[in-house]
Amino acid sequence: MSTSRTTLQDVGAAPGAGVLETRLTGLSAEEFARDVWARKPLLTRRVSDFSDLFSAEAVDELISRRGLRTPFLRVAKDGATLPDATFTSSAGVGATISDQLDDTALWRAFADGATLVLQALQRTWGPVGEFGARLSAQLGHPVQANAYVTPPQSRGFDAHYDVHDVFVLQIAGTKRWLVHEPVHPDPLRDQPWTDHRSAVAEAARGAAHLDTVLEPGDVLYLPRGWLHAAEALGGVSVHLTLGIHTWTRYALAEQLAQAALAALRDDPWMRSTLPLGVDGPDGELGMIREHLLAAVTKADPAPLFHRARRGQGRPAPLGPLAQLTAVDGLGPDTPVRLRAALEARLEGPRLTTRVGWLDFSEADLPSVSRLLDGEARAAGDLGVALVGRLLRAGVLVPAGE
């Protein structure tokens, strides 16, 4: 079997290492990038205790007490997803929204063998959200988190592949995983496994690349495109799936083409009408191709890239009451820092972030530049008026937050 493995005695990381090294792989970031990332699965045994991130108690809390709505949960059984109406209802007086989770219906479905999938946990469960944000910052790719809660001896989904990389973190119980090599390597976002349904089914009948049982503390990394199916064994299984929505060269090519086409809109010749009597494009394609190639050569896709990155995530949570307290108590000694996960970028006099943009005077730019490293600083060292403006904009937060 060609899958790389690390065992308990392999797990260790240098001081200051990120979550990739300390809690997911036991490899250095350099080793993971060189030998594993986007290339092959990696199984790591007992790498970490994940009880601080998620638990069976967290599942019950989210389903029964948080008033979650669809699509924060979906339900699957025997390879099919159940209709939302079978597990949602109104929550009564003062909460009559009709698509809130119905805990009684979910209990009955779960007892009947259905898998519960808590989706987008980075938005609903704080520890998972914070962990995902740290991993995203380390990898440079957006991270989304789901939890899969499977009753004993049940299988929620048939063999399939994902269009994003995943880290599977076993939280409770055990689950058997069958992993097969891709039938369509490195699929793009719009190339789901259902486009290759027959090839996936045929490959899943063959010998597995990896046949293993995950126990609490184990982690399985799968690049996008690798086929997988999982089944709970003797008890309830709970695992977290961290989906890494990877940027691809194709995505950059799309943005390069968009930037070039935007520039061609300002070219009067490109906007001109084709001559009368044109039967086809042959007579025009040569010149158009020259203009397009010139535009691609000059195009700068960076603004589109960073705008897309900002749109694929959310900044760290912001408490309005704590923020108001910081504004009201602002003084020279007030410690502040850049709000986490803002994707802040200074472009000339403009600071662009996930919460909007701000323009600054030449005098303020050095202070703004210093803030981008995320370190805590006293308001007086930056300029109290500037700090007040950035606190009100939700760009800075109290350093203790």
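For the structure itself, look to the data block above.
Attention here is on the structure that accompanies the text. Along each chain, residue indices are assigned from 1 in the same order as the chain's sequence is written. Only residues with pLDDT of at least 70 are given local features in this predicted model, and only at 80 or more are side-chain atom pairs given and counted; all residues enter the totals for whole chains, interfaces and linings. To get the side-chain values, all heavy atoms of the structure are used, and hydrogens and water are removed first.

### Let's talk about the side chain of Gln-100
Next, step 1: Tracing the chain through its elements places Gln-100 in strand 6 (residues 100–101).
Next, step 2: Beyond its immediate chain neighbours, meaning those up to four positions away, Gln-100 contacts Gly-67, Leu-68, Arg-69, Phe-87, Thr-88, Ser-89, Ala-91 and Ala-95. Note on conventions: DSSP H or I runs of at least 4 residues are helices, E runs of at least 2 residues are strands, and numbering of each starts at the N terminus. Throughout, a contact is declared for two residues whenever any of their heavy atoms are within 4.5 Å.

### Some thoughts on the nonpolar core
Within soluble globular proteins, side chains that are nonpolar generally end up buried alongside one another.
Next, step 1: Side-chain atoms within 4.5 Å are what join buried Ala, Val, Leu, Ile, Met, Phe, Trp, Tyr and Cys residues into a set we call a nonpolar core. Residue burial is assigned from relative accessible area. The probe radius is 1.4 Å, only protein chains are included, and a residue is buried under 20% of its type maximum, exposed over 50%, and partly exposed in between. By size, the foremost hydrophobic cluster in this structure holds 46 residues, and its most contacted members are Phe-54, Leu-118, Leu-121 and Phe-167.
Next, step 2: Ranked by size, the runner-up nonpolar core spans 18 residues in total, among them Val-336, Leu-342, Leu-386 and Val-387.

### Structural notes on the sheet that holds strand 20 (residues 396–398)
Next, step 1: The sheet built from three strands is open, its strands ordered 19-15-20 with antiparallel pairing. Each edge of the sheet is formed by a strand with only one pairing partner; in this case those strands are strand 19 (377–378) and strand 20.
Next, step 2: For two strands to be treated as a pair, DSSP must find at least two bridges joining them. Pairing geometry for strand 15 (residues 335–338) and strand 20, over three bridges, is antiparallel. Among the inter-strand pairings, Arg-337 is bridged to a residue of strand 20, identified as Val-397.
Next, step 3: Running over the sheet, helix 15 (residues 384–392) touches strand 15 and strand 20 and is turned about 95° from strand 20. Axis definition: a line fit to C-alpha positions, over the contact stretch in the case of helices; interaxial angles, taken between N-to-C directions, run 0 to 180 degrees.

### Topic: the environment of Leu-304
Next, step 1: Assignment of secondary structure puts Leu-304 in helix 11 (residues 302–311).
Next, step 2: Leave out the neighbours within four places in its chain, and Leu-304 touches Gln-255, Gln-258 and Ala-259.

### Details of the side chain of Thr-334
Next, step 1: Take Thr-334: it is sitting in the loop between helix 12 (320–328) and strand 15.
Next, step 2: By relative accessible area, which is 16% here, Thr-334 ends up buried.
Next, step 3: Polar contact is the term for a pair of N or O atoms within 3.5 Å; when the atoms are in protein, one must be able to donate a hydrogen and the other to accept it, and sequence-neighboring residues count only if both atoms are side-chain atoms. There is a polar contact of 2.9 Å between the side chain of Thr-334 and the backbone nitrogen of Gly-331.
Next, step 4: Apart from the residues lying within four places of it in its own chain, the contact partners of Thr-334 are Gly-329, Arg-377, Ala-378 and Ala-379.

### A closer look at unusual backbone geometry
Next, step 1: The omega angle of the peptide bond from Thr-70 to Pro-71 is 10°, so this bond is cis rather than trans.
Next, step 2: Mapped onto the fold, Pro-71 is located in the loop between helix 3 (56–65) and strand 3 (73–77).
Next, step 3: A positive phi is found at Ala-38, a non-glycine position, where the angle reads about 65°.
Next, step 4: Residue class for Ala-38 comes out partly exposed when judged on its relative accessible area of 41%.

### Structural notes on helix 11
Next, step 1: Listed in full, the buried residues belonging to helix 11 are Phe-305, His-306, Arg-309 and Arg-310. Viewed along the axis of helix 11, the buried residues span an arc of 135°, placing them on a single side of the element.
Next, step 2: In this structure, the buried side of helix 11 is in contact with helix 8 (249–264), strand 16 (345–347) and strand 17 (350–353). By definition, the arc is the one covered by directions from the helix axis to the C-beta atoms.

### Concerning the packing of aromatic side chains
Next, step 1: Geometry of aromatic contacts follows a simple scheme: Phe, Tyr and Trp rings, the Trp one being its six-membered ring, pair when their centres are within 6.5 Å, and the pair is stacked under 30 degrees between planes, edge-to-face over 60, tilted otherwise. This structure, assessed with the given rule, holds eight aromatic pairs.
Next, step 2: On the numbers, 6.1 Å between centres and 90° between planes, the contact of Phe-54 with Trp-125 is edge-to-face. Here Trp-125 lies in the loop between helix 5 (121–124) and helix 6 (126–139) and Phe-54 lies in the loop between strand 2 (42–44) and helix 3, a separation of 71 residues in the sequence. Residues Phe-54 and Trp-125 agree in their burial class; the two are buried.
Next, step 3: Centre to centre, the rings of Tyr-148 and Phe-157 are 6.3 Å apart; their planes meet at 80°, and the pair counts as edge-to-face.
Next, step 4: For Phe-157, a relative accessible area of 19% puts it in the buried group.
Next, step 5: Members of the aromatic cluster, connected to one another through ring pairs, are Phe-32, Trp-37, Phe-167 and Tyr-221.
Next, step 6: Two limits define a charge over a ring: the Lys NZ or Arg CZ must be within 6 Å of the ring centre, and within 35 degrees of the ring normal. The cationic tip of Arg-350 hangs over the ring face of Trp-357; the distance from NZ or CZ to the ring centre is 3.6 Å.
Next, step 7: Over the face of the ring belonging to Phe-360 we find Arg-389, whose NZ or CZ atom lies 4.8 Å from the ring centre.

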